[in-house]
Amino acid sequence: MAADGALRILLVSGSLRSGSSNAAVLRTVRALVPDGVEAELYERLGTLPHFNPDDDVDPLPPAVSELRAGIAAADAVLFCTPEYAGALPGSFKNLLDWTVGGGEIYGRPVAWVNASGHAAPTGGANAHDSLRIVLGYTGADIVEGACVRIPVARAMVGADGLIDDEGVRRGLTAAIEAIAAHVRARPTSTSRSAGPGPAPVLGIRGARRSWPPLATATADALATLIRHDGKDMDRGGRTGRDEHNHLARRPG
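The structure displayed is predicted, hence computed values, not measured ones. (Residues numbered from 1 in each chain as written. Predicted model: local features only at pLDDT ≥ 70, side-chain atom pairs only at ≥ 80, totals over all residues. Heavy atoms only, no water.)

## Overview of the overall build of the protein
To keep it simple, the criterion reads: To qualify as a helix, a DSSP run of H or I must reach at least 4 residues; to qualify as a strand, a run of E must reach at least 2; elements of each kind are numbered from the N terminus. Think of it in three bands: with a 1.4 Å probe and only protein chains considered, a residue is buried below 20% of the maximum accessible area for its type, exposed above 50%, and partly exposed in between. Here a residue-residue contact requires only that any non-hydrogen atoms of the pair lie within 4.5 Å. For the area figures, the Shrake-Rupley method with a 1.4 Å probe applies, and any residue is considered shielded solely by the protein chains shown.
Helix and strand counts for the protein come out as seven helices and six strands. Counting only residues that meet the buried cut, the protein has 48% of its 252 residues in that class. Contacts in the protein between residues at least 24 apart in sequence constitute 76% of all its contacts with a sequence separation of at least 6. Within the structure as shown, the protein displays about 11,700 Å² of accessible surface, and the carbon and sulfur contribution to it stands at 53%.

## Side note on the side chain of Thr81
With respect to the element layout, Thr81 can be found in the loop between strand 3 (76–80) and helix 3 (90–100). When near neighbours in sequence (up to four residues on either side) are disregarded, Thr81 contacts Gly14, Asn22, Leu88, Pro89, Phe92, Val113 and His128.

## Quick look at the pattern of salt bridges
The criterion, for reference: A side-chain nitrogen of Lys or Arg and a carboxyl oxygen of Asp or Glu constitute a salt bridge if their distance falls within 4 Å.
Under the counting rule described, the total for this entry stands at seven salt bridges. Taking the shortest distance from any N to any O, the salt bridge between Asp56 and Arg68 comes out at 2.9 Å. Of the two residues, Asp56 sits in the loop between strand 2 (37–42) and helix 2 (62–73) while Arg68 sits in helix 2, which places them 12 residues apart along the sequence. Like Asp56, the residue Arg68 is buried in the burial classification. One salt bridge connects Arg132 with Glu144, and the closest N-O pair in it is separated by 2.8 Å. Taken together, the positions of Arg132 in helix 4 (residues 125–138) and Glu144 in the loop between strand 5 (141–142) and strand 6 (148–149) put the pair 12 residues apart, joining distant regions of the chain. Judged by relative accessible area, Arg132 falls into the partly exposed class, the value being 32%.

## Things to note about the confidence of the model for the protein
Any residue range with low pLDDT should be treated as having predicted coordinates unsuitable for detailed reading. Heads up, the rule is: Per-residue confidence from the predictor is reported as pLDDT, a score between 0 and 100.
Averaged over every residue, the pLDDT of the protein is 82; residues scoring 70 or more account for 73%. Within the model, the stretch residues 243–252 combines pLDDT values under 50 with 20 contacts to residues more than four positions away or in other chains.

## Considerations on helix 4
Rules: Take the number of residues in a helix, subtract one, and multiply by 1.5 Å to get its expected span.
Over its 14 residues, helix 4 extends 20 Å from the first C-alpha to the last, a length consistent with the 20 Å expected when each residue adds 1.5 Å. Inspection of helix 4 places Ala127, His128, Leu131, Val134, Leu135, Gly136, Tyr137 and Thr138 among the buried residues, and these make up the whole buried set. Gly139, located one to two residues past helix 4, shows a positive phi value of around 80 degrees.

## A closer look at the packing of helix 1 (residues 21–32) against helix 5 (residues 166–185)
We count it as follows: All axes are obtained by fitting lines to C-alpha atoms, using only the stretch in contact for helices, and the reported angles, taken between N-to-C directions, cover 0 to 180 degrees. Comment on the angle field: the value is read as roughly parallel under 35 degrees, roughly antiparallel over 145, roughly perpendicular from 65 to 115, and oblique elsewhere. We call a crossing left-handed when the near helix sits turned anticlockwise from the far one by less than a right angle, and right-handed when that turn is clockwise. Amino acid classes used here: Ala, Val, Leu, Ile, Met, Phe, Trp, Tyr, Cys and Pro are nonpolar; Asp, Glu, Lys and Arg are charged; the rest, including Gly, are polar.
Their axes nearest at 10 Å, the elements helix 1 and helix 5 cross at an angle of 65 degrees. Here helix 1 is positioned roughly perpendicular relative to helix 5, judged by the angle of their axes. As helix 1 runs across helix 5, the sense of the crossing is right-handed. Facing Val25, Thr28, Val29 and Leu32 of helix 1, the residues of helix 5 in contact are Arg169, Leu172, Thr173 and Ile176. Its residues placed into classes, the contact of helix 1 with helix 5 shows five nonpolar, two polar and one charged.

Here you go:
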């Protein structure tokens, strides 16, 4: 937490579209946070370079350093993403790929708001199922009570870019409260600078980063990785970052 005891939440939209209802959700969250909670909106999605494991070395691209520093400084991360063509938008998946190598998101409380409208073919389920898989792979601490579906129609977004609908605002307030309660209930040793196990050295330029062994990943994440790899993997020796780079370099 901040020196003044305030809890910090980083807000990340998965949309680049101007007038995005997902961004409006997060702006509304920022306006609703109670005393003792600070919220920062990450607005640099479009500046991130295409992910390439060969570039995930120090010195990092400036936009990547900024992203990782923002995650490291936060007590929790709240996502809000649309579904595009039945999956996560490519630019947002690119952001998630850049979070894998640094370790900052490992053990970090995370949640999401699914704001897909009632007319969405899958209700955004495919994108958010994928988001869950990726966050499980990275070892993030998913706050289940704050992962909510709150349909938002574009007509709900006012000229100020905020949502005035009382039902939506109540749902967002409840999500904020669930995140705050989860963070404050965590042991001191699992605060912003450490995950729930061997603490990684966060992504500071020139610092050597350590990763927890892949055996600490969730069973669901392991099963997903095994399906991707097509064979049993070495669970004892290969780190999450090694496996990410291994998969990324495979042809096809």
